[in-house]
Amino acid sequence: MEIRILTQDDIKEVMPMKEAIEADKEALKMYSEGSANIPLRANLDVPEHEGQSLYMYGYAPKANALGVKIVSVYPKNIEKGLNSVPATMVNLDAETGQVSTLMDGTYLTRLRTGAIAGAATDVLARKDSKIFALFGTGGQAETQLEAVLNVRDIELVKVFDISKERAQAFVDKMTERFKGVFNARLVVAASSNEAIQEADIITSVTTARVATFDGTLVKPGCHINGVGSYTPEMAEINEYTVTHADRVYVDTRDGALKECGSLLQPIQKGIYHENQVSGELGEVLLGKVDGRKNDQEVTLFITTGSAVLDLVCSQKIQEKAAEQNKGTIIEL
């Protein structure tokens with residue numbers, strides 16, 4: 001049995017962000033129309049080593065995608081000089097059930113997560129959006145920036161992080177990386193309020209348990225992506241933003257309404273109801289739900305991630321890698 005091994009560099013070579021965005025759009029349409037079988041992820045505690053092992057799996061027939069992403073959360077790995085959240089994607093041949101590809105799941109997660117916010121921005125943000133505010137400069141931030149720059153002609157990016165040193169390092173690195181590729185100017189915002197001033201698009205990609213910005217200061221017509229809140233305790237988007245947004249969309253109702261603190265906390269307080277969610281992004285793409293109706297509406301997109309994104313995106317990567325003869329083949 002031959003298995004193709006794909007590293008982060010291999011994935012970057014074969015899968016540009018624009019194509020990842022389109023793959024995510026297709027994945028969400030499959031999910032929302034019910035053509036993909038995506039069970040709830042399995043979660044195993046490993047108490048002896050203070051770790052967790054998560055298994056995100058499923059089958060998307062339309063994409064011929066079958067597989068499982070294995071993600072571990074081992075905080076003590078940092079003491080060993082290891083990644084505290086290692087991940088590996090395992091693709092199977094849908095026809096035979098044999099393992100066909102192993103790929104770097106950490107970068108795959110960053111790619112498909114950036115791409116899903118890029119897809120939401122493409123579908124929901126005003127076409128003339130020029131100013132982008134980015135909250136957070138961690139491992140997910142680079143692809144979040146890249147995705148928005150791919151779908152809108154951004155002129156100014158204002159970056160905010162609780163550490164100004166991290167924010168400056170991020171701005172310097174991204175300015176160098178995208179020199180000659182995009183025309184956007186990147187700057188460090190002195191405060192959260194300064195970051196969102198006149199922002200047409202806001203993305204928050206943090207694990208914050210409290211709001212990263214003041215929703216009362218968001219200007220009319222703004223589009224917001226809430227990316228980092230994936231547990232009930234995390235609430236980077238404040239209650240005002242959720243309750244006052246003209247339209248609220250999610251990647252999957254099952255995920256967002258069970259895991260996202262930004263939504264769950266106002267629901268539990270009785271100031272917001274899950275029926276107020278406008279719909280899934282896939283439903284907008286399918287034409288079943290309306291998107292933005294005018295340039296004054298504030299739109300909010302919440303994502304907690306789904307295995308359908310990993311499946312469809314990784315299958316596209318696998319197919320392109322085979323076409324281009326990328327990666328390493330091993331025999332098992």
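Everything discussed here concerns the structure shown above.
Residues numbered from 1 in each chain as written. Predicted model: local features only at pLDDT ≥ 70, side-chain atom pairs only at ≥ 80, totals over all residues. Heavy atoms only, no water.

K.L.:
Even after reading the chapter, I still don't get the overall build of the chain, so can you show me in this structure?
P.N.:
Along the backbone of the chain there are 11 helices and 15 strands. Taken against the 2.2 N^0.38 rule, which gives 20 Å for 332 residues, the C-alpha radius of gyration of the chain at 19 Å falls within 12% of a compact globule. Each principal axis of the C-alpha atoms in the chain carries an extent, and together these give about 55 × 45 × 45 Å. For the chain, buried positions account for 54% of its 332 residues. When contacts within the chain are restricted to residue pairs at least 6 apart in sequence, those whose partners lie at least 24 apart make up 71%. Here the chain has roughly 14800 Å² of accessible surface; of this, 48% comes from carbon and sulfur atoms. The chain carries 35 positive and 47 negative side-chain charges, and their two centres are separated by 3 Å. (Helix = DSSP H or I, 4+ residues; strand = E, 2+ residues; numbered from the N terminus. Rg over C-alpha atoms; globule rule 2.2 N^0.38 Å. Buried < 20%, exposed > 50% of the residue type's maximum accessible area, 1.4 Å probe, protein only. Contact = heavy atoms within 4.5 Å. Areas by Shrake-Rupley, 256 points an atom, 1.4 Å probe, with all protein chains shown as cover. Lys, Arg positive; Asp, Glu negative; His and termini not counted. Charge placed at Lys NZ, Arg CZ, Asp CG, Glu CD.)

K.L.:
It is not clear to me how the pairing of strand S9 (residues 185-188) should be interpreted in this structure. Could you clarify?
P.N.:
The side chains of a regular strand alternate between the sheet's two faces. Across four bridges, strand S8 (residues 156-160) lies against S9 in parallel orientation. Within S9, the position partnered with Val157 by the bridge is Leu186. This β-α-β element, S8 to helix H5 (residues 164-177) to S9, shows right-handed connectivity. (Pairing = 2+ DSSP bridges. Right-handed = clockwise from strand over helix to strand, strands pointing away.)

K.L.:
What is the right way to read the sheet that holds strand S14 (residues 299-302) from this model?
P.N.:
Sheet strands associate in pairs through backbone hydrogen bonding, adopting either a parallel or an antiparallel arrangement. Strand order in this open sheet of eight strands is S9-S8-S7-S10-S11-S14-S12-S13, and the pairing throughout is parallel. Of all the strands in the sheet, the pair left with one neighbour each is S9 and strand S13 (279-280). Against the sheet, H5 contacts strand S7 (131-135), S8 and S9, and its axis sits at roughly 170 degrees relative to S9. (Axes fitted to C-alpha atoms, helices over the stretch in contact; angles between N-to-C directions.)

K.L.:
Mind showing me how you'd approach the sheet that holds strand S15 (residues 328-331) here?
P.N.:
Spatial strand order, S2-S3-S4-S5-S6-S1-S15: seven strands in an open sheet with mixed pairing. A single partner strand is all that each edge strand has here, and the edge strands are strand S2 (42-46) and S15. For this sheet, the mean inter-axis angle between neighbouring strands, taken without regard to orientation, is 20 degrees. Alignment of strand S1 (residues 2-6) against S15, held across four bridges, turns out to be antiparallel. Bridge pairing in S15 places Glu2 opposite Glu331.

K.L.:
I tried to follow the side chain of Asn91 on my own but got confused; where do I start?
P.N.:
Mapping Asn91 onto the fold places it in strand S5 (residues 87-92). With near-sequence residues (within four places) excluded, Asn91 lies in contact with Leu66, Gly67, Gln98, Val99, Ser100, Thr101, Met103, Ser314, Gln315 and Gln318.

K.L.:
Before we go on, may I ask you to explain the nonpolar core in this structure?
P.N.:
Side chains of nonpolar character tend, in soluble globular proteins, to be buried together. One finds Met15, Leu111, Val308 and Ile317 to be the most contacted residues of the largest nonpolar core, which totals 43 residues. For this core, the elements supplying multiple residues, two or more each, are helix H1 (8-14), helix H2 (17-33), strand S3 (51-60), helix H3 (105-124), helix H4 (141-151), helix H10 (281-285) and helix H11 (307-324). When neighbours within four sequence positions are excluded, Ile317 is seen to be in contact with Leu6, Ile11, Val14, Met15, Met103, Leu108 and Leu111. (Core = buried A, V, L, I, M, F, W, Y, C linked by side-chain atoms within 4.5 Å.)

K.L.:
Looking at this structure, I do not really get the packing of H2 against H11. What am I missing?
P.N.:
When two helices pack together, their arrangement is given by the angle between their axes and by how far apart the axes lie. Between H2 and H11, the least distance of the axes is 8 Å, while the angle of their chain directions is 135 degrees. As summarised for this structure, H2 and H11 are arranged oblique, according to the angle between their axes. Between H2 and H11 lies a crossing of right-handed hand. Only Val308, Leu309, Val312, Cys313, Lys316 and Lys320 of H11 make contact with H2, whose side of the interface consists of Glu19, Ala20, Ala23, Asp24, Ala27, Leu28, Met30 and Tyr31. Split by residue class, the contact of H2 with H11 holds 10 nonpolar, no polar and four charged. (Parallel < 35°, antiparallel > 145°, perpendicular 65-115°, else oblique. Left-handed = near helix turned anticlockwise from the far one by under 90°. Nonpolar A, V, L, I, M, F, W, Y, C, P; charged D, E, K, R; others polar.)

K.L.:
Explain the packing of aromatic side chains here, please?
P.N.:
Two numbers describe a pair of aromatic rings. These are the distance of the centres and the angle of the planes. Inspection of the entire model under this criterion finds three aromatic pairs. Taking 5.4 Å as the distance between ring centres and 35 degrees as the angle between the ring planes, the aromatic pair formed by Phe135 and Phe213 counts as tilted. Remark: Phe213 occurs in the loop between strand S10 (201-204) and strand S11 (223-226) and Phe135 occurs in strand S7; sequence separation between them is 78 residues. The exposure class of Phe213 is buried, given its relative accessible area of 4%. (Phe/Tyr/Trp six-rings, centres within 6.5 Å; stacked < 30°, edge-to-face > 60°.)

K.L.:
Hey, could you run me through the pattern of salt bridges in this one?
P.N.:
For side chains bearing opposite charge, pairing can occur when the charged atoms are close. Going through the model one piece at a time under the given rule, you end up with 25 salt bridges. Across the salt bridge formed by Glu19 and Lys320, the nearest N and O atoms sit 3.1 Å from each other. Residue Glu19 is found in helix H2, and its partner Lys320 is found in helix H11; the two are separated by 301 residues along the sequence. On the basis of relative accessibility, which here comes to 17%, the residue Lys320 falls in the buried class. (Salt bridge = Lys/Arg side-chain N within 4 Å of Asp/Glu carboxyl O.)

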